[in-house]
Amino acid sequence: MILDFQTNQLTTVEEVARGVWRVTARTDDDLFSASLLLDIRTPALDIQAARFDVSRDELDLVQDLSPAMEKLVGVRVGPGMTKIVRAVVRDEGGSERVAEMVIDAMEMLINALTVPQLRKATDAVGQPATLDGDGPKVRLNNVLLGEEQIKLMGGNPRLKDSCVAFRDL
Amino acid sequence: MLAYSRIKSIGVQKQSENLLVVSGVLEDELYAMACEIAISRPNLSIERVQARMKRFTTSRCPLAESVFTRAEGWKLDDELDGKIKKELGREGCRHMAALMIDCCRAAARAELTRELRSAIEADPELDKKAFAAEFLSRRSDLESYLRLR
């Protein structure tokens, strides 16, 4: 069956200078193509620079968001960011789809900063896993964090009850 | 050096006048997952969901797969994103929830895109902005859900 519609999104995170992380998010679909760049400084996690470029907007519906991008400078990745970003980028005739793109990009920085911690934990205390749903010819989950580590991580208030792994601990 | 990257890729197919099928994949350093959703037309409600956790971090993550079938019967409307995040993300997996939200919105955008493509074939000089306004006045149920702006 031939597709009617396709959408592809790629978000990358890299440390471009000591303590400065660049999140680049690109979205492409049949109607719209755009990219977002955020430079975020650690440890404060505040946005230093934000840029949004539209390369294709078939319906010509997304307006110039340069003023909103300027207002993002200083916004911090952390509690309350969703409300602030929506107020700055979506409200007052802005763009809801771009506001959600900004929030998603900020969340990807958190994911990026989490990867080394999870890698360390998996290397140190990961347990060999054989799962019914994985394989049987090629297995993607040879080592997983087990119950003891799940309980330890679930003690973090940000993780507690955030998903099935950290519920009912 | 790249610290992290995530891709989400989603395709929508119209299998019949009554049925759309959406397939989505997500992959990053930590996770790989896929979901397929059958959506009835023209009312755009979710008929069936298959969610597959392929690569993950904890031994409990696969438990999330069964949570996502709770979406069967839900309609594509302004309440959907919140319901998926709250009822499926928190009780299942928030990364799969993000993929599912994008899959559902892609299905709605495909409805517009299909009609736009036909209209351009009939009139290569079509005023696309006017077309979008006409589509949204006819499908007011989708206007805010589509998030075209």
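Structural data are supplied above this passage.
Residues numbered from 1 in each chain as written. Chains lettered and ligands numbered in written order. Predicted model: local features only at pLDDT ≥ 70, side-chain atom pairs only at ≥ 80, totals over all residues.

A.B. asks: What is the right way to look at the overall build of chain B in this model?
C.D. replies: Broken down by element type, chain B carries five helices and four strands. Tracing chain B from N to C terminus, the helices and strands come up as β-β-β-β-α-α-α-α-α. Dimensions of chain B along its principal axes, counting C-alpha atoms only, are 55 × 40 × 25 Å. The buried share of chain B, reckoned over its 149 residues, is 43%. (Helix = DSSP H or I, 4+ residues; strand = E, 2+ residues; numbered from the N terminus. Buried ≥ 20, exposed ≤ 12 C-beta atoms within 10 Å, placed from the backbone.)

A.B. asks: Looking at this structure, I do not really get helix α4 (residues 147-154) of chain A. What am I missing?
C.D. replies: What sets the pattern is the α-helix's 3.6 residues per turn: residues three or four places apart point alike. Residues and elements named next belong to chain A. Looking at α4, one finds that the buried residues are Gln149, Met153 and Gly154. The buried side chains of α4 occupy one side of the element, clustering within an arc of 135 degrees when seen end-on. Counted as exposed and oriented over 90 degrees from the buried face of α4: Glu147, Glu148 and Lys151. Close packing links the buried residues of α4 with α3 (96-125). (Arc of directions from axis to C-beta. Contact = placed C-beta atoms within 7 Å.)

A.B. asks: Quick question: what am I supposed to make of the pairing of strand β3 (residues 32-40) of chain B here?
C.D. replies: Where a strand is regular, its side chains alternate between the two sheet faces. Residue and element names in this part refer to chain B. Only one face of β3 is buried: it carries Met33, Cys35, Ile37 and Ile39, and the other face, with Ala32, Ala34, Glu36, Ala38 and Ser40, is open. Pairing between strand β2 (residues 19-27) and β3: nine bridges, direction antiparallel. In the sheet register, Leu19 faces β3, and the bridge partner there is Ser40. Counting the residues in the hairpin turn of β2 and β3 gives four residues. Inspection of the sheet shows β3 paired to strand β4 (residues 45-55) by nine bridges, in the antiparallel sense. By the bridge assignment for β4, Ser40 is matched with Ser45. The loop that links β3 with its antiparallel partner β4 comprises four residues; one of these, Leu44, has a positive phi angle of about 55 degrees. (Pairing = 2+ DSSP bridges.)

A.B. asks: Where do I start with the packing of helix α2 (residues 81-90) of chain A against α3 of chain A in this structure?
C.D. replies: Helix-helix packing is characterised by the crossing angle of the two axes and by the distance between the axes. Residue and element names in this part refer to chain A. Two numbers describe how α2 lies on α3: the axes approach to 9 Å, and their chain directions differ by 145 degrees. Seen along the crossing, α2 lies across α3 with a hand that is right-handed. Within the contact between the two elements, α2 uses Met81, Thr82, Val85, Arg86, Val89 and Arg90 and α3 uses Glu96, Val98, Ala99, Val102, Ile103 and Met106. Taken together, the residues of the contact of α2 with α3 sort by class into eight nonpolar, one polar and three charged. (Axes fitted to C-alpha atoms, helices over the stretch in contact; angles between N-to-C directions. Left-handed = near helix turned anticlockwise from the far one by under 90°. Nonpolar A, V, L, I, M, F, W, Y, C, P; charged D, E, K, R; others polar.)

A.B. asks: How should I be thinking about the packing of helix α3 (residues 94-122) of chain B against helix α4 (residues 128-138) of chain B in this particular structure?
C.D. replies: All names here are of chain B. For the pair α3 and α4, interaxial distance at closest approach is 11 Å and the crossing angle is 135 degrees. One element, α3, and the other, α4, form an angle in the oblique class. For the pair α3 and α4, the crossing hand works out as right-handed. Facing α3, whose interface residues are Leu112, Glu115, Leu116 and Ala119, α4 presents Lys128, Phe131 and Phe135. Class assignment for the residues of the contact of α3 with α4 results in five nonpolar, no polar and two charged. (Parallel < 35°, antiparallel > 145°, perpendicular 65-115°, else oblique.)

A.B. asks: Teacher, can you tell me more about the environment of Asp161 of chain A here?
C.D. replies: For Asp161 of chain A, the position within the fold is in the segment after α4. As a C-alpha pair, Asp161 of chain A and Leu140 of chain A span 21 residues in sequence and 26 Å in three-dimensional space. What Asp161 of chain A contacts, discounting residues up to four positions off in sequence, is Phe166 and Arg167 of chain A together with Arg90 of chain B.

A.B. asks: Looking at this structure, I do not really get the interface of chain A and chain B. What am I missing?
C.D. replies: The parts lose accessible area when they come together, and the size of an interface is often stated as this lost area. Counting residues at the interface gives 45 residues for chain A and 47 residues for chain B. Among the secondary structure elements, those contributing two or more residues to the side of chain A that touches chain B are β1 (5-17) and α3 of chain A. Of all the elements, β1 of chain A adds the most residues to the side of chain A that touches chain B, at eleven residues. Of the residues assigned to the side of chain A that touches chain B, the class counts are 22 nonpolar, twelve polar and eleven charged. Sheet topology note: the β1 of chain A/strand β1 (residues 2-16) of chain B ladder contains ten bridges and is antiparallel. Within β1 of chain B, the position partnered with Thr7 of chain A by the bridge is Ile10 of chain B.

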